[in-house]
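# Architecture at a glance
Here's the letter readout for the chains.
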Amino acid sequence: MSRRRRIYEGKAKVLFEGPEPGTLVQYFKDDATAFNNQKKGVITGKGVLNNRISEYLMTRLGEIGVPTHFVRRLNMREQLIREVEIIPIEVVVRNVAAGSLSKRFGIPEGTALPRSIVEYYYKSEELGNPMVSEEHITAFGWAAPQDLDDMVALSLRVNDYLSGLFLGIGLRLVDFKLEFGRLWENEEMRIVLADEISPDNCRLWDIKTNEKLDKDRFRQDLGKVEEAYQEVARRLGILPEGGPVDVKAPKTIQ
Ligand code: UDP
């Protein structure tokens, strides 16, 4: 058992107290949920792959000046992150119609959108993560107008950069969800990218075949779920040698 203090347990990750103040350890589980927890399952090796994929993408984004909470990967399933105050808004960026957008407006999946569309959802499980507008966000004080401006600007930069990165490995970035946090440094606050970026929260389709290589394989029972996550890692050039096999229990590293 882990000796560290557990700070928070979510559906796909656990946060532990970090080795020094202001840090946390983010542990990636294999658990998967969809449709507001109505569907539950395990995608074997997902945690290992998402840890790597998110490390890779956050590192690349950091290099182009997008501030993130990521510090370094610690082991197969854990990464060290900066502790931030999570803003309770999910920012979704869409390039191609899919999922809830297709459903809401009756636009066939796969239709290219005339331009990238940004949406906001209020992070509340009990309310079913309702879609909200900028007005709700600022009026209810979930984020200040300046915070929101920063979040949108960062989301669009992430979209530009990741769309190109994935295109280079034959994948279309259909849509994705980001979360942000507030990080204080010497009385100054800045908005940084938090959570994870992985096939759990991106839709990625093969450019040529339109094959789905993301969590929709789990949501829609399409099969070959593990293989899809592995394929994304393989194309990024980061598939762990010998596949994503590791010990299941969280291990402390000091
Ligand atoms: N998404 C997510 N967490 C959520 C809801 C959505 O990561 O709680 C991601 C999802 O994987 C997709 C994008 O955000 O890449 C847009 O999702 P959508 O609104 O279409 O909802 P869904 O169809 O996934 O319910």
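Reading the values: the criteria
- Residues numbered from 1 in each chain as written.
- Predicted model: local features only at pLDDT ≥ 70, side-chain atom pairs only at ≥ 80, totals over all residues.
- Heavy atoms only, no water.
- Helix = DSSP H or I, 4+ residues; strand = E, 2+ residues; numbered from the N terminus.
- Polar contact = N/O pair within 3.5 Å; in protein donor to acceptor, adjacent residues only side chain to side chain.
- Contact = heavy atoms within 4.5 Å.
- Near = heavy atom within 4 Å.
- Areas by Shrake-Rupley, 256 points an atom, 1.4 Å probe, with all protein chains shown as cover.
- Nonpolar A, V, L, I, M, F, W, Y, C, P; charged D, E, K, R; others polar.
- Phe/Tyr/Trp six-rings, centres within 6.5 Å; stacked < 30°, edge-to-face > 60°.
- Buried < 20%, exposed > 50% of the residue type's maximum accessible area, 1.4 Å probe, protein only.
- Lys NZ or Arg CZ within 6 Å of the ring centre and 35° of its normal.
- Salt bridge = Lys/Arg side-chain N within 4 Å of Asp/Glu carboxyl O.
- Expected span 1.5 Å × (residues − 1).
- Arc of directions from axis to C-beta.

Tracing the sequence through the fold places Asp206 in strand 14 (residues 202-206). A polar contact is formed between the side chain of Asp206 and the backbone nitrogen of Thr209, at a distance of 2.9 Å. A distance of 2.8 Å separates a polar atom in the side chain of Asp206 from a polar atom in the side chain of Arg235. In this structure, Asp206 is in contact with Gly170, Leu171, Glu211 and Arg235, ignoring residues within four places of it in sequence.

This brings us to the site of the ligand. With respect to spatial proximity, 16 residues lie near the ligand, and among them Arg94, Ser100, Asp175, Arg203 and Arg219 are the closest. At a separation of 2.6 Å, an oxygen atom of the ligand approaches a polar side-chain atom of Arg94. Burial of the ligand by the surrounding chains reaches 78%, relative to a free accessible area of 500 Å². If you list the elements that add at least two residues to the shell around the ligand, you get strand 9 (89-96), helix 2 (99-105), strand 12 (171-185) and strand 14. Partitioned by chemical class, the residues of the shell around the ligand number 5 nonpolar, 4 polar and 7 charged.

Here the focus is the environment of Glu135. Within the element layout of this structure, Glu135 appears in helix 3 (residues 134-139). In the structure, Glu135 is positioned 10 residues away from Pro145 in sequence and 9.3 Å away in space, judged by C-alpha atoms.

Moving on, we get to the packing of aromatic side chains. Counting across every chain of the model gives 2 aromatic pairs. Look at Tyr122 and Trp142: their rings are 3.9 Å apart centre to centre, the planes differ by 15°, and that puts the pair in the stacked class. Here Trp142 lies in the loop between helix 3 and helix 4 (145-167) and Tyr122 lies in strand 10 (residues 112-122), a separation of 20 residues in the sequence. Assigned by exposure class, Tyr122 and Trp142 land together as buried. We note Arg4 situated over the ring of Phe16; from NZ or CZ to the ring centre the distance is 4.4 Å.

With that settled, consider the pattern of salt bridges. Side-chain pairing between opposite charges can occur once the charged atoms of the two side chains come close. A full pass over the atoms with the stated rule returns 31 salt bridges. The closest approach of N and O atoms between Lys13 and Asp195, which form a salt bridge, is 2.9 Å. Note that Lys13 is positioned in strand 2 (residues 13-17) and Asp195 in the loop between strand 13 (188-194) and strand 14, a separation of 182 residues in sequence. The same class applies to Lys13 and to Asp195, which are both buried. With its nearest N and O atoms 2.8 Å apart, the salt bridge here joins Arg60 to Glu63.

The terminal C-alpha atoms of helix 6 (residues 225-236) lie 17 Å apart, and with 12 residues this matches the ideal 16 Å at 1.5 Å per residue to within 8%. Those residues of helix 6 that sit buried are Val225, Ala228, Tyr229, Val232, Ala233 and Leu236. Seen along its axis, helix 6 keeps its buried residues to an arc of 135°; they face one direction. Contacts from the buried residues of helix 6 go to helix 1 (46-63), helix 4, strand 12, strand 14 and helix 5 (216-219). Just downstream of helix 6 lies Gly237, where phi reads positive at about 80°.

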